[in-house]
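Inside the fold
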Amino acid sequence: MFDGVLVQWIHAGVSWLLEPVLAALAVLVALAVWEMGQALGEGFGGLARLRRTGDRERAGRVGRRRIERADLIARVGPMLGLMGTLIPLGPGLAALGRGELETLARAVTVAFDTTVMGLLVGIVGFILGRVRRRWYDSLLDALEAGDVRA
């Protein structure tokens, strides 16, 4: 039942995915750190400068782009964390069946580490998205009302 060609292809493909998933998760962690820095810049003057320009269209474009990035981080991080959890568990459980406890321990460690990193990235993205929505909604309301003072 589990020794067909299609099953072997799927297993080989899934096994190959672990490294790209880990690399993508690392890139997402770096992007989350970058976005936190950007959010600090927005909070400490970036939004005030954008308000002083009085350009509602530009503020809307910038806000949409930054909120979309935060939403992407919030959604993709946990997905990659889950993939990074499930991929090593298959070989880890197979190693358990062969009595290779060290292989199982490494697989479980990778699984838990990727879960934690994926959830952490998701939390950061979620918080950034919520905060930015509030900030840019307030900014756009002020610009619509004609209030351009800092």
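Preceding this paragraph is the structure being described.
Here goes a summary of the coordinates provided.

What counts, and at which threshold
Residues numbered from 1 in each chain as written. Predicted model: local features only at pLDDT ≥ 70, side-chain atom pairs only at ≥ 80, totals over all residues. Heavy atoms only, no water. Salt bridge = Lys/Arg side-chain N within 4 Å of Asp/Glu carboxyl O. Helix = DSSP H or I, 4+ residues; strand = E, 2+ residues; numbered from the N terminus. Buried < 20%, exposed > 50% of the residue type's maximum accessible area, 1.4 Å probe, protein only. Expected span 1.5 Å × (residues − 1). Bend = angle between axes of the 7 residues up to and from the residue. Contact = heavy atoms within 4.5 Å. Core = buried A, V, L, I, M, F, W, Y, C linked by side-chain atoms within 4.5 Å.

Looking at the pattern of salt bridges
Side chains that differ in charge, positive against negative, can pair when their charged atoms come close. Considering all chains together, one arrives at eight salt bridges under this definition. Here Glu144 ties to Arg56 by a salt bridge, and the two come within 2.7 Å at their closest N and O atoms. Residue Glu144 is found in helix H3 (residues 101–145), and its partner Arg56 is found in helix H2 (residues 56–98); the two are separated by 88 residues along the sequence. On the basis of relative accessible area, Arg56 is assigned to the partly exposed category, the value being 33%.

Re helix H1 (residues 5–53)
With 49 residues, H1 extends only 62 Å from end C-alpha to end C-alpha; this falls clearly short of the ideal 72 Å at 1.5 Å per step. The sharpest bend along H1 reaches about 60 degrees and sits at Gly43. Along H1, the residues that are buried comprise Leu18, Val21, Leu25, Leu28, Ala32, Glu35, Ala39, Glu42, Gly45, Leu47, Leu50 and Arg51. In this structure, the buried residues of H1 make contact with H2 and H3. Note on H1: the residue one or two positions beyond its end, Gly54, has a positive phi of about 75 degrees.

Details of the nonpolar core
Ranked by internal contacts, the top residues of the largest apolar core, which has 13 residues, are Leu28, Ile73, Leu80 and Leu128. At the level of secondary structure, the elements contributing two or more residues to this core comprise H1, H2 and H3. With six residues, H1 is the largest single contributor of residues to this core. Sequence-distant contacts of Ile73, defined by excluding residues within four places in its chain, comprise Leu28, Leu31, Ala32, Glu35, Pro78, Val121, Gly122 and Gly125. Counting residues in hydrophobic clusters, the runner-up holds nine residues, among them Ala59, Val62, Leu140 and Leu143.

Distances and angles like these do not, on their own, reveal function.
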